[in-house]
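Structural characterization, general
Each chain, written out:
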Amino acid sequence: MNQLNFNRRDFLNTSVSAGVAAGVAHGGFFSSPTHASENKKLGVALVGLGNLSANQIAPAFQKSANCKLTAIVTGTPEKEKVWSDKYGISRDHIYNYSRFDKLASDDSVDLVYVVLPNSMHAEYTIRAAKAGKHVLCEKPMANSSADCRDMISACKAASRKLAIGYRCQYEPHHLNCIETSRSKELGEIKVIEAGFGFKIGDPKQWRLNKKLAGGGALMDVGVYALQACRYLTGEEPTIITAQETKTDAVKFAQVDESITWLMQFPSGVLAYCSTSYNFNGLNRFNAFTEKGFIRMDPAFSYNGNRMETSKGQVELDAVDQFATEMDAFAKCILENRPSKVSGEEGLKDLLAVEAIYKSIETGTSVKVVA
Ligand code: NAD
(Lines give C-alpha, C1' and ligand atoms only; values in the text may rest on other atoms or scores of the structure.)
Protein backbone atom coordinates (compact mmCIF):
# COMPACT_ATOMS: atom_id res chain seq x y z
CA MET A 1 0.00 0.00 0.00
CA ASN A 2 2.77 2.37 0.99
CA GLN A 3 4.64 1.63 -2.13
CA LEU A 4 1.57 2.26 -4.24
CA ASN A 5 1.03 5.61 -2.51
CA PHE A 6 4.66 6.56 -3.00
CA ASN A 7 4.66 5.65 -6.66
CA ARG A 8 1.45 7.46 -7.39
CA ARG A 9 2.50 10.62 -5.56
CA ASP A 10 5.85 10.51 -7.27
CA PHE A 11 4.14 10.09 -10.62
CA LEU A 12 1.69 12.92 -10.16
CA ASN A 13 4.13 15.36 -8.65
CA THR A 14 6.33 15.86 -11.70
CA SER A 15 5.68 17.89 -14.80
CA VAL A 16 7.56 15.23 -16.74
CA SER A 17 5.01 12.65 -15.70
CA ALA A 18 2.20 14.82 -16.98
CA GLY A 19 4.03 14.88 -20.29
CA VAL A 20 4.41 11.13 -20.30
CA ALA A 21 0.70 10.76 -19.69
CA ALA A 22 -0.02 13.19 -22.50
CA GLY A 23 2.39 11.36 -24.78
CA VAL A 24 0.59 8.08 -24.17
CA ALA A 25 -2.79 9.66 -24.77
CA HIS A 26 -1.76 11.17 -28.09
CA GLY A 27 0.06 8.16 -29.38
CA GLY A 28 3.07 10.41 -29.00
CA PHE A 29 6.28 11.23 -30.74
CA PHE A 30 7.77 7.87 -29.87
CA SER A 31 5.03 5.65 -31.21
CA SER A 32 6.65 2.87 -33.19
CA PRO A 33 5.60 -0.40 -34.80
CA THR A 34 4.54 -3.02 -32.27
CA HIS A 35 7.20 -5.63 -31.62
CA ALA A 36 6.92 -8.87 -29.71
CA SER A 37 9.30 -7.28 -27.21
CA GLU A 38 6.91 -4.45 -26.38
CA ASN A 39 5.45 -6.10 -23.29
CA LYS A 40 8.56 -7.79 -21.94
CA LYS A 41 10.41 -6.34 -18.97
CA LEU A 42 14.10 -6.87 -18.41
CA GLY A 43 15.52 -7.01 -14.89
CA VAL A 44 17.98 -4.27 -13.98
CA ALA A 45 20.65 -4.18 -11.28
CA LEU A 46 21.33 -0.59 -10.27
CA VAL A 47 24.95 -0.07 -9.24
CA GLY A 48 25.63 2.98 -7.05
CA LEU A 49 22.68 4.44 -5.15
CA GLY A 50 23.63 8.12 -5.15
CA ASN A 51 21.66 11.17 -6.22
CA LEU A 52 21.01 10.20 -9.80
CA SER A 53 19.88 6.68 -8.91
CA ALA A 54 17.67 7.82 -6.03
CA ASN A 55 16.09 10.89 -7.59
CA GLN A 56 15.83 10.10 -11.29
CA ILE A 57 16.49 6.48 -12.19
CA ALA A 58 14.58 4.65 -9.45
CA PRO A 59 11.42 6.74 -10.06
CA ALA A 60 11.83 6.17 -13.80
CA PHE A 61 11.24 2.44 -13.34
CA GLN A 62 7.66 3.30 -12.42
CA LYS A 63 7.25 4.74 -15.92
CA SER A 64 9.27 2.14 -17.78
CA ALA A 65 7.55 -0.27 -20.15
CA ASN A 66 10.49 -2.63 -20.59
CA CYS A 67 12.62 -2.45 -17.44
CA LYS A 68 12.09 -3.36 -13.81
CA LEU A 69 14.42 -2.85 -10.86
CA THR A 70 15.31 -6.33 -9.60
CA ALA A 71 18.64 -5.88 -7.81
CA ILE A 72 20.83 -3.21 -6.22
CA VAL A 73 24.56 -2.90 -5.59
CA THR A 74 25.66 -0.61 -2.79
CA GLY A 75 28.60 -0.19 -0.45
CA THR A 76 26.43 1.53 2.15
CA PRO A 77 24.61 -1.00 4.40
CA GLU A 78 22.05 1.62 5.60
CA LYS A 79 20.80 2.01 2.04
CA GLU A 80 20.01 -1.70 1.76
CA LYS A 81 16.93 -1.54 4.01
CA VAL A 82 15.72 1.78 2.63
CA TRP A 83 15.84 0.55 -0.95
CA SER A 84 14.55 -2.89 -0.11
CA ASP A 85 11.53 -1.40 1.70
CA LYS A 86 10.83 1.19 -0.97
CA TYR A 87 11.27 -0.99 -4.05
CA GLY A 88 10.56 -4.47 -2.71
CA ILE A 89 14.00 -5.92 -3.39
CA SER A 90 14.70 -9.04 -1.37
CA ARG A 91 17.98 -9.79 0.43
CA ASP A 92 19.24 -12.26 -2.16
CA HIS A 93 19.18 -9.52 -4.82
CA ILE A 94 21.18 -6.99 -2.78
CA TYR A 95 24.92 -6.90 -3.45
CA ASN A 96 27.93 -4.97 -2.24
CA TYR A 97 30.99 -4.28 -4.38
CA SER A 98 32.93 -7.34 -3.27
CA ARG A 99 29.94 -9.63 -4.01
CA PHE A 100 29.26 -7.87 -7.32
CA ASP A 101 30.44 -10.79 -9.48
CA LYS A 102 27.79 -13.04 -7.91
CA LEU A 103 25.37 -11.22 -10.20
CA ALA A 104 26.43 -13.86 -12.73
CA SER A 105 24.09 -16.35 -11.09
CA ASP A 106 21.22 -13.92 -10.53
CA ASP A 107 18.69 -14.76 -13.22
CA SER A 108 16.51 -11.82 -12.23
CA VAL A 109 19.12 -9.50 -13.72
CA ASP A 110 19.44 -9.01 -17.46
CA LEU A 111 21.27 -5.72 -17.47
CA VAL A 112 23.42 -3.74 -15.11
CA TYR A 113 23.08 0.06 -14.91
CA VAL A 114 26.37 1.59 -13.71
CA VAL A 115 25.77 4.89 -11.87
CA LEU A 116 29.09 5.28 -10.07
CA PRO A 117 31.79 7.98 -10.05
CA ASN A 118 33.36 8.17 -13.50
CA SER A 119 36.59 6.36 -12.66
CA MET A 120 34.60 3.26 -11.64
CA HIS A 121 32.61 2.97 -14.88
CA ALA A 122 35.22 0.88 -16.68
CA GLU A 123 35.77 -1.63 -13.87
CA TYR A 124 32.08 -2.26 -13.22
CA THR A 125 31.13 -2.36 -16.89
CA ILE A 126 33.82 -4.96 -17.54
CA ARG A 127 32.88 -7.00 -14.46
CA ALA A 128 29.19 -6.86 -15.45
CA ALA A 129 29.96 -8.08 -18.96
CA LYS A 130 32.07 -10.90 -17.52
CA ALA A 131 29.11 -11.79 -15.33
CA GLY A 132 27.11 -12.19 -18.53
CA LYS A 133 25.02 -9.03 -18.20
CA HIS A 134 24.28 -6.27 -20.71
CA VAL A 135 25.46 -2.86 -19.52
CA LEU A 136 24.01 0.63 -19.47
CA CYS A 137 26.75 2.91 -18.18
CA GLU A 138 26.31 6.52 -17.17
CA LYS A 139 28.16 9.33 -18.94
CA PRO A 140 30.98 10.18 -19.27
CA MET A 141 31.74 6.64 -20.42
CA ALA A 142 35.11 6.50 -18.62
CA ASN A 143 38.10 8.58 -17.64
CA SER A 144 40.05 7.78 -20.80
CA SER A 145 39.59 6.54 -24.35
CA ALA A 146 41.77 3.54 -23.43
CA ASP A 147 39.23 2.56 -20.76
CA CYS A 148 36.40 3.05 -23.27
CA ARG A 149 38.11 0.65 -25.66
CA ASP A 150 38.53 -1.93 -22.88
CA MET A 151 34.85 -1.64 -22.01
CA ILE A 152 33.83 -2.11 -25.65
CA SER A 153 36.14 -5.13 -26.01
CA ALA A 154 34.88 -6.74 -22.80
CA CYS A 155 31.25 -6.42 -23.89
CA LYS A 156 32.06 -7.75 -27.36
CA ALA A 157 34.00 -10.69 -25.89
CA ALA A 158 31.02 -11.55 -23.68
CA SER A 159 28.51 -10.95 -26.53
CA ARG A 160 26.75 -8.41 -24.33
CA LYS A 161 25.39 -5.03 -25.41
CA LEU A 162 26.75 -1.77 -24.09
CA ALA A 163 24.97 1.58 -24.05
CA ILE A 164 25.94 4.92 -22.51
CA GLY A 165 23.47 7.09 -20.58
CA TYR A 166 23.06 9.83 -23.14
CA ARG A 167 19.50 10.70 -22.11
CA CYS A 168 19.25 13.74 -24.41
CA GLN A 169 19.31 11.44 -27.40
CA TYR A 170 15.87 10.29 -26.25
CA GLU A 171 14.46 13.74 -25.53
CA PRO A 172 11.85 14.76 -28.15
CA HIS A 173 13.11 18.33 -28.60
CA HIS A 174 16.66 17.14 -29.22
CA LEU A 175 15.35 14.55 -31.68
CA ASN A 176 13.35 17.26 -33.43
CA CYS A 177 16.45 19.48 -33.64
CA ILE A 178 18.35 16.59 -35.22
CA GLU A 179 15.51 15.99 -37.70
CA THR A 180 15.34 19.69 -38.54
CA SER A 181 19.07 19.75 -39.12
CA ARG A 182 19.06 16.62 -41.31
CA SER A 183 16.05 17.79 -43.37
CA LYS A 184 17.96 20.97 -44.32
CA GLU A 185 14.68 22.88 -44.20
CA LEU A 186 16.65 25.75 -42.68
CA GLY A 187 19.69 25.10 -44.84
CA GLU A 188 23.07 23.84 -43.73
CA ILE A 189 24.35 24.52 -40.22
CA LYS A 190 27.22 27.00 -40.36
CA VAL A 191 28.15 27.69 -36.74
CA ILE A 192 27.01 26.22 -33.41
CA GLU A 193 27.28 27.80 -29.99
CA ALA A 194 26.73 25.35 -27.12
CA GLY A 195 27.36 25.27 -23.40
CA PHE A 196 26.43 23.61 -20.15
CA GLY A 197 27.64 24.47 -16.68
CA PHE A 198 26.59 25.03 -13.10
CA LYS A 199 28.02 26.30 -9.84
CA ILE A 200 29.21 23.25 -7.95
CA GLY A 201 28.75 23.05 -4.17
CA ASP A 202 30.54 20.82 -1.64
CA PRO A 203 34.31 21.16 -2.21
CA LYS A 204 34.86 17.62 -0.85
CA GLN A 205 32.75 15.77 -3.41
CA TRP A 206 34.21 13.20 -5.84
CA ARG A 207 33.45 15.47 -8.83
CA LEU A 208 36.35 17.68 -7.72
CA ASN A 209 38.71 14.73 -7.26
CA LYS A 210 40.68 14.09 -10.44
CA LYS A 211 41.24 10.40 -9.75
CA LEU A 212 37.53 9.71 -9.34
CA ALA A 213 36.11 12.21 -11.84
CA GLY A 214 38.78 12.18 -14.55
CA GLY A 215 38.30 15.92 -15.00
CA GLY A 216 35.98 18.71 -13.96
CA ALA A 217 33.14 20.55 -15.67
CA LEU A 218 34.10 19.25 -19.11
CA MET A 219 33.82 15.58 -18.11
CA ASP A 220 30.63 16.13 -16.15
CA VAL A 221 28.51 18.55 -18.17
CA GLY A 222 30.66 19.88 -20.99
CA VAL A 223 30.13 16.52 -22.70
CA TYR A 224 26.46 17.42 -23.24
CA ALA A 225 27.42 20.48 -25.31
CA LEU A 226 30.10 18.50 -27.12
CA GLN A 227 27.72 15.73 -27.97
CA ALA A 228 24.97 18.10 -29.10
CA CYS A 229 27.37 19.52 -31.70
CA ARG A 230 28.16 15.98 -32.86
CA TYR A 231 24.54 14.90 -33.25
CA LEU A 232 23.33 18.19 -34.70
CA THR A 233 25.94 18.01 -37.47
CA GLY A 234 26.10 14.20 -37.71
CA GLU A 235 29.86 14.66 -37.99
CA GLU A 236 32.94 14.14 -35.86
CA PRO A 237 35.18 17.07 -34.95
CA THR A 238 38.57 17.04 -36.66
CA ILE A 239 40.49 19.89 -35.01
CA ILE A 240 39.99 21.31 -31.52
CA THR A 241 41.38 24.43 -29.86
CA ALA A 242 40.67 24.97 -26.17
CA GLN A 243 41.40 27.33 -23.31
CA GLU A 244 40.82 26.98 -19.58
CA THR A 245 40.46 29.55 -16.85
CA LYS A 246 40.70 28.89 -13.11
CA THR A 247 39.51 31.64 -10.79
CA ASP A 248 39.38 29.43 -7.68
CA ALA A 249 42.66 27.55 -7.57
CA VAL A 250 41.82 25.93 -4.22
CA LYS A 251 38.42 24.45 -5.04
CA PHE A 252 39.50 23.49 -8.54
CA ALA A 253 43.02 22.40 -7.65
CA GLN A 254 42.58 18.99 -9.30
CA VAL A 255 40.02 19.54 -12.05
CA ASP A 256 38.98 22.10 -14.64
CA GLU A 257 36.74 24.96 -13.57
CA SER A 258 35.79 26.68 -16.86
CA ILE A 259 36.75 25.79 -20.42
CA THR A 260 35.85 27.15 -23.83
CA TRP A 261 36.71 25.19 -26.93
CA LEU A 262 36.36 25.48 -30.66
CA MET A 263 35.66 22.44 -32.85
CA GLN A 264 36.01 22.24 -36.59
CA PHE A 265 33.92 19.68 -38.47
CA PRO A 266 34.66 18.15 -41.91
CA SER A 267 31.87 20.09 -43.68
CA GLY A 268 33.32 23.37 -42.38
CA VAL A 269 30.93 23.84 -39.45
CA LEU A 270 32.56 25.59 -36.51
CA ALA A 271 31.29 24.99 -32.98
CA TYR A 272 32.27 27.12 -30.02
CA CYS A 273 31.43 25.59 -26.70
CA SER A 274 31.82 26.32 -23.02
CA THR A 275 31.45 24.60 -19.71
CA SER A 276 31.92 25.64 -16.11
CA TYR A 277 31.64 24.49 -12.51
CA ASN A 278 31.58 28.09 -11.32
CA PHE A 279 28.40 29.80 -12.52
CA ASN A 280 24.79 28.97 -13.24
CA GLY A 281 22.64 29.71 -16.25
CA LEU A 282 24.61 28.14 -19.11
CA ASN A 283 22.41 25.38 -20.53
CA ARG A 284 21.80 25.82 -24.26
CA PHE A 285 22.76 25.40 -27.88
CA ASN A 286 22.13 27.53 -30.92
CA ALA A 287 22.85 26.20 -34.40
CA PHE A 288 23.00 29.04 -36.92
CA THR A 289 21.94 27.82 -40.35
CA GLU A 290 21.86 29.28 -43.86
CA LYS A 291 18.23 30.32 -43.43
CA GLY A 292 17.81 30.76 -39.70
CA PHE A 293 18.55 28.91 -36.47
CA ILE A 294 17.76 25.84 -34.38
CA ARG A 295 18.11 26.38 -30.67
CA MET A 296 17.32 24.98 -27.25
CA ASP A 297 17.47 26.97 -24.03
CA PRO A 298 17.32 25.31 -21.57
CA ALA A 299 18.67 22.36 -23.50
CA PHE A 300 20.01 19.72 -21.14
CA SER A 301 17.65 19.68 -18.14
CA TYR A 302 15.65 16.66 -16.98
CA ASN A 303 12.48 18.57 -17.84
CA GLY A 304 11.32 21.98 -18.99
CA ASN A 305 13.59 22.06 -22.04
CA ARG A 306 12.56 24.59 -24.69
CA MET A 307 13.12 24.43 -28.43
CA GLU A 308 12.81 27.19 -30.98
CA THR A 309 13.73 27.56 -34.62
CA SER A 310 13.66 30.67 -36.79
CA LYS A 311 10.13 29.50 -37.78
CA GLY A 312 8.89 29.63 -34.17
CA GLN A 313 8.71 27.70 -30.94
CA VAL A 314 8.39 23.91 -31.14
CA GLU A 315 6.35 22.38 -28.32
CA LEU A 316 6.45 18.63 -27.84
CA ASP A 317 5.22 16.29 -25.12
CA ALA A 318 7.88 15.72 -22.51
CA VAL A 319 9.10 12.23 -21.67
CA ASP A 320 10.96 10.81 -18.73
CA GLN A 321 14.37 10.70 -20.35
CA PHE A 322 15.64 7.89 -18.10
CA ALA A 323 12.61 5.64 -18.65
CA THR A 324 12.76 6.25 -22.40
CA GLU A 325 16.50 5.59 -22.51
CA MET A 326 16.19 2.36 -20.49
CA ASP A 327 13.27 1.15 -22.61
CA ALA A 328 15.15 1.86 -25.83
CA PHE A 329 18.12 -0.15 -24.60
CA ALA A 330 15.89 -3.00 -23.42
CA LYS A 331 14.34 -3.14 -26.89
CA CYS A 332 17.80 -3.28 -28.48
CA ILE A 333 18.60 -6.25 -26.24
CA LEU A 334 15.27 -8.00 -26.89
CA GLU A 335 15.50 -7.44 -30.63
CA ASN A 336 19.26 -7.97 -30.83
CA ARG A 337 20.03 -4.55 -32.30
CA PRO A 338 22.91 -2.23 -31.40
CA SER A 339 22.07 0.85 -29.34
CA LYS A 340 22.41 4.25 -30.97
CA VAL A 341 24.19 5.37 -27.78
CA SER A 342 26.73 2.55 -28.00
CA GLY A 343 30.14 2.31 -26.40
CA GLU A 344 31.59 3.54 -29.69
CA GLU A 345 29.53 6.71 -29.26
CA GLY A 346 30.93 7.20 -25.76
CA LEU A 347 34.45 6.63 -27.06
CA LYS A 348 34.00 9.38 -29.67
CA ASP A 349 33.17 11.86 -26.90
CA LEU A 350 36.23 10.81 -24.91
CA LEU A 351 38.48 11.24 -27.96
CA ALA A 352 37.25 14.83 -28.29
CA VAL A 353 37.56 15.40 -24.52
CA GLU A 354 41.16 14.20 -24.63
CA ALA A 355 41.88 16.55 -27.54
CA ILE A 356 40.40 19.45 -25.52
CA TYR A 357 42.64 18.70 -22.52
CA LYS A 358 45.66 18.26 -24.80
CA SER A 359 44.98 21.58 -26.48
CA ILE A 360 44.84 23.29 -23.07
CA GLU A 361 48.05 21.58 -22.01
CA THR A 362 50.00 22.34 -25.18
CA GLY A 363 48.47 25.70 -26.09
CA THR A 364 47.97 24.47 -29.65
CA SER A 365 45.18 23.21 -31.88
CA VAL A 366 44.89 19.43 -31.69
CA LYS A 367 43.73 16.91 -34.28
CA VAL A 368 41.14 14.44 -33.01
CA VAL A 369 42.54 11.00 -33.76
CA ALA A 370 40.13 8.07 -33.93
P1 NAD B 1 26.61 10.65 -6.40
O2 NAD B 1 27.84 11.13 -5.73
O3 NAD B 1 25.32 11.21 -5.96
O4 NAD B 1 26.53 9.06 -6.29
C5 NAD B 1 27.64 8.24 -6.48
C6 NAD B 1 27.38 6.90 -5.81
O7 NAD B 1 28.57 6.12 -5.95
C8 NAD B 1 27.09 7.02 -4.32
O9 NAD B 1 26.05 6.17 -3.98
C10 NAD B 1 28.38 6.56 -3.67
O11 NAD B 1 28.17 5.95 -2.40
C12 NAD B 1 28.89 5.54 -4.68
N13 NAD B 1 30.32 5.33 -4.59
C14 NAD B 1 30.91 4.12 -4.65
N15 NAD B 1 32.23 4.24 -4.53
C16 NAD B 1 32.49 5.55 -4.38
C17 NAD B 1 33.70 6.29 -4.20
N18 NAD B 1 34.90 5.69 -4.18
N19 NAD B 1 33.60 7.61 -4.08
C20 NAD B 1 32.42 8.24 -4.15
N21 NAD B 1 31.24 7.59 -4.32
C22 NAD B 1 31.28 6.24 -4.43
O23 NAD B 1 26.83 10.89 -7.95
P24 NAD B 1 25.71 10.94 -9.08
O25 NAD B 1 25.33 12.35 -9.32
O26 NAD B 1 24.65 9.96 -8.80
O27 NAD B 1 26.56 10.51 -10.37
C28 NAD B 1 26.87 9.16 -10.64
C29 NAD B 1 27.20 9.00 -12.13
O30 NAD B 1 26.07 9.39 -12.89
C31 NAD B 1 28.34 9.87 -12.64
O32 NAD B 1 29.09 9.17 -13.59
C33 NAD B 1 27.67 11.06 -13.29
O34 NAD B 1 28.41 11.63 -14.34
C35 NAD B 1 26.41 10.41 -13.83
N36 NAD B 1 25.29 11.36 -13.90
C37 NAD B 1 24.55 11.40 -15.03
C38 NAD B 1 23.48 12.26 -15.12
C39 NAD B 1 22.62 12.26 -16.35
O40 NAD B 1 21.80 13.16 -16.48
N41 NAD B 1 22.74 11.28 -17.21
C42 NAD B 1 23.18 13.12 -14.06
C43 NAD B 1 23.94 13.04 -12.90
C44 NAD B 1 25.00 12.15 -12.82
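Residues numbered from 1 in each chain as written. Predicted model: local features only at pLDDT ≥ 70, side-chain atom pairs only at ≥ 80, totals over all residues. Heavy atoms only, no water.

The subject of this paragraph is the site of the ligand. In the vicinity of the ligand, 24 residues are found, and the nearest of them are Asn-51, Asn-118, Lys-139, Arg-167 and Trp-206. The contact in question runs from an oxygen atom of the ligand to an N or O atom on the backbone of Leu-52, over 3.0 Å. The contact in question runs from an oxygen atom of the ligand to an N or O atom on the side chain of Trp-206, over 2.7 Å. Starting from 830 Å² of accessible surface for the ligand in isolation, the protein chains cover 79%. Elements represented by at least two residues in the shell around the ligand include exactly helix H3 (51-61) and helix H9 (217-233). Tallied by class, residues from the shell around the ligand come to 13 nonpolar, 5 polar and 6 charged. (Near = heavy atom within 4 Å. Polar contact = N/O pair within 3.5 Å; in protein donor to acceptor, adjacent residues only side chain to side chain. Areas by Shrake-Rupley, 256 points an atom, 1.4 Å probe, with all protein chains shown as cover. Helix = DSSP H or I, 4+ residues; strand = E, 2+ residues; numbered from the N terminus. Nonpolar A, V, L, I, M, F, W, Y, C, P; charged D, E, K, R; others polar.)

Turning to the environment of Thr-180, a few remarks are in order. Note that Thr-180 resides in helix H7 (residues 172-183). Using a relative accessible area of 6% as the deciding quantity, one classes Thr-180 as buried. Expressed as a C-alpha distance, the spacing of Thr-180 and Leu-232, which sit 52 residues apart in the sequence, is 9.0 Å. If we skip the residues at most four places from it in the chain, Thr-180 touches Glu-185, Leu-186, Ile-294, Met-307 and Thr-309. Looking at Thr-180, its side chain comes within polar contact range of the main-chain oxygen of Asn-176, at 2.7 Å. (Buried < 20%, exposed > 50% of the residue type's maximum accessible area, 1.4 Å probe, protein only. Contact = heavy atoms within 4.5 Å.)

The subject of this paragraph is the confidence of the model for the protein. Summary statistics for the protein give a mean pLDDT of 91 and a share of 90% for residues scoring 70 or more. Low confidence marks residues 1-34, where pLDDT is under 50. Its contacts with residues over four positions away, or in another chain, come to 39 contacts. (pLDDT = per-residue confidence, 0-100.)

So, about H9. Between its terminal C-alpha atoms H9 stretches 23 Å, which fits the 24 Å expected from 17 residues at 1.5 Å a residue. A maximum bend of about 45 degrees is found in H9 at Val-223. Summarising burial for H9: 17 of the 17 residues are buried, a large majority. Phi for Gly-234, located one or two positions after H9, is positive at around 70 degrees. (Expected span 1.5 Å × (residues − 1). Bend = angle between axes of the 7 residues up to and from the residue.)

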